[in-house]
Amino acid sequence: MDGACRARARAPGRFQPRRPSQSVLYRCIQEHLETWLIQCRDGHDDAGPVPDYVEREFRRYLECGILAHGFARARCGQCGHDFLIAFSCKGRGVCPSCTARRMVATAAHLTDHVLPQLALRQWVLAVPKRLRYFLQRDADLQGAALRLFLRTVESCLRTHCPGAGPAARLGAVAFIHRFGSALNAHLHFHCVVIDGVFESAPADAVVFHAATGLDANAIAQVQALVRQRLLRVFVRRGLLPSDDALAMVQWEHGGGFSVDGSVRIEADDRAGRERLLRYCARPPFALDRLRELDPERLLYEGTKPGPGGNGPLLLTPLQLLDRLAALVPPPRVHRHRYFGVLAPNAPLRAAVTALAVPAALPAAAAPPGHPAPTADEPVHRRAARYAWAALLARIYEIFPLVCPRCGAEMRIIAFVTDAPTIHHILVHLGEPTAPPRIAPARGPPRWDLPDARAGGLDPQTQPAPEYEFDQRLSW
Ligand SMILES: [Zn+2]
Ligand SMILES: [Zn+2]
């Protein structure tokens, strides 16, 4: 959650415009983007020039939330008070505000329109570093590993659902996490799986069998099977010698394979389900963990100590830009996928998703000029209608478009995008009329820390974390 979000949380009932240009991240990118782009182009390492979509992501982030780039105008119908809401960049990797919003929108959509009100279980799979290396580079292999994992979970569910036939299917949403909590490459899977299986019934109906008695032993068995089967896939594809695979099956304590299925959300725990989905859809970068020690050194705080935790990360601004660039997904990469009865072409998909129960939103949550969503609208249309205000309301449990003066509801009355009008209004309000200045490129290269050991932190000696899941639902 970024600083502005926390400010809103502290003042419930009031919308306060965020000031993105005051964050450590913004200042760092503003100050170093041009230098970083030039140095990447000149080949400071083997990475080569920055891809266009990454550069675009950074540039748009610098415009996100800046009034000088245009805004919407909200006005109170009661007392006439008005304020401006700057446009956002809709970024997918760098912008903390937009990636957080995407996370909330994904969780809201899945809760309202996809997942029936049934118990859910989170299944997480991580594999040894040696296999991860291949998974990170091969999307086809990633898909194969994910399907294998979910097939194994499905047969486990079937054996724990009395009365389920051999054709019964699971329903799952899978999130591929490509990064660990230290912004390091760490591919692993988080799958939200309905805790039971579905079978078709006459007249387009569907029968659900709830899982019972699925305990730690059953989860350990899934882990052992996944390990065996995945190693076989790697041997078959010529990525691993069979002797090595044989040795890896015998490694103790899972041998780097880890399956966790301990987080279960009850059917009636709507808040818990949305929290779990947000956790799975969360962006890899967390602004509130970034601190500036001095202009040349940034500290990205580690997660909680203990298993899965990792230490702080000391970075120069240019190193931070390197890390952030890696987080930007290429265009058109989906952050989550559907499996089993929820797969796009599954015959039971319509019957299962029809069991989802949308949350009651305040009527004013509909975008201006549009009626509130109706139940007979196609699902994808309804999903597109989540207004930002409605999404903020879901996180903070307040409706943010409330007049700070009189408490009445505020409405968006105009979108202002032409430069003369923007200038005129901002002058009138005493707001800056020019966007924050982006610093020009400069040398010499400053990739390395001037004195890495000064603070007692040497990034070279920090071990790369083997596991990063944190199963707490701390959102
Ligand atoms: Zn008012
Ligand atoms: Zn943004």
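Residues numbered from 1 in each chain as written. Chains lettered and ligands numbered in written order. Predicted model: local features only at pLDDT ≥ 70, side-chain atom pairs only at ≥ 80, totals over all residues.

Chemist: Would you mind showing me how to read the overall build of the chain here?
Modeler: When helices and strands are counted, the chain shows 14 helices and 13 strands. Per-residue burial for the chain yields a buried fraction of 34% across its 475 residues. If you take every contact in the chain between residues at least 6 apart in sequence, the share linking residues at least 24 apart comes to 72%. (Helix = DSSP H or I, 4+ residues; strand = E, 2+ residues; numbered from the N terminus. Buried ≥ 20, exposed ≤ 12 C-beta atoms within 10 Å, placed from the backbone. Contact = placed C-beta atoms within 7 Å.)

Chemist: Where do I start with the sheet that holds strand E10 (residues 297–300) in this structure?
Modeler: The strands that make up a sheet pair up through hydrogen bonds in the backbone, lying either parallel or antiparallel. Spatially, E9-E10-E11 is the arrangement adopted by the three strands of the open sheet, whose pairing is antiparallel. Looking at strand neighbours, the two that pair on one side only are strand E9 (290–294) and strand E11 (313–315), the edges of this open sheet. Averaged over all adjacent pairs, the angle separating strand axes in this sheet is 25 degrees, with direction ignored. The pairing of E9 with E10 spans four bridges and is antiparallel. Residue pairing in the sheet places leucine 290 in a bridge with tyrosine 300 of E10. (Pairing = 2+ DSSP bridges. Axes fitted to C-alpha atoms, helices over the stretch in contact; angles between N-to-C directions.)

Chemist: What is the right way to read the sheet that holds strand E2 (residues 82–86) from this model?
Modeler: Taken in spatial order, the three strands of this open sheet run E2-E1-E13, and their pairing is antiparallel. Each of the sheet's edge strands pairs with one partner strand only, and the pair in question is E2 and strand E13 (410–416). In this sheet, neighbouring strand axes are inclined to one another by 30 degrees on average, regardless of whether the strands run parallel or antiparallel. Note: strand E1 (residues 71–76) against E2, five bridges, orientation antiparallel. What sits directly across from alanine 74, in E2, is phenylalanine 83.

Chemist: What exactly am I supposed to notice about the nonpolar core here?
Modeler: Generally speaking, soluble globular proteins have nonpolar side chains that are buried together. Membership of the largest hydrophobic core comes to 60 residues, with the highest contact counts inside it found for Leu125, Val153, Ala172, Ala174, Val192 and Val193. With seven residues, the top contributor of residues to this core is helix H4 (residues 96–114). Not counting chain neighbours up to four residues away, the residues in contact with alanine 172 comprise Leu150, Cys191, Val192, Val193, Phe339, Gly340 and Leu342. Within the second largest apolar cluster, 39 residues are counted, among which are Leu25, Tyr26, Leu62 and Ala74. (Core = buried A, V, L, I, M, F, W, Y, C linked by C-beta atoms within 7 Å.)

Chemist: I tried to follow unusual backbone geometry on my own but got confused; where do I start?
Modeler: When glycine is set aside, most residues are seen to have a negative phi, and most peptide bonds are trans. For lysine 90, which is not glycine, the phi torsion reads 55 degrees and is therefore positive. Here lysine 90 shows up in the loop between E2 and H4. Judged by the 13 C-beta atoms lying within 10 Å of it, lysine 90 is partly exposed. The phi dihedral of leucine 183 is positive, around 60 degrees, even though this residue is not glycine. Along the polypeptide, leucine 183 turns up in the loop between strand E4 (171–179) and strand E5 (185–194).

Chemist: Explain the environment of tryptophan 123 here, please?
Modeler: Inspection of the secondary structure puts tryptophan 123 in strand E3 (residues 120–126). Judged by the 25 C-beta atoms lying within 10 Å of it, tryptophan 123 falls in the buried class. The contacts of tryptophan 123, once residues within four sequence positions are left out, are Val153, Cys191, Val193, Val259 and Gly261.

Chemist: Would you mind going over the packing of helix H2 (residues 24–41) against helix H10 (residues 317–327) with me for this structure?
Modeler: Helix-helix packing is described using two parameters, namely the angle between the two axes and the distance between the axes. Contact geometry for H2 and H10: axes closest at 9 Å, N-to-C directions at 85 degrees. In terms of axis orientation, H2 runs roughly perpendicular to H10. Here Cys28, Ile29, Glu31, His32 and Trp36 of H2 lie close against H10, whose contacting residues are Pro317, Leu318, Leu320 and Leu321. The residue inventory of the contact of H2 with H10, partitioned by class, reads seven nonpolar, one polar and one charged. (Parallel < 35°, antiparallel > 145°, perpendicular 65-115°, else oblique. Nonpolar A, V, L, I, M, F, W, Y, C, P; charged D, E, K, R; others polar.)

Nothing here speaks to function; it is all geometry.
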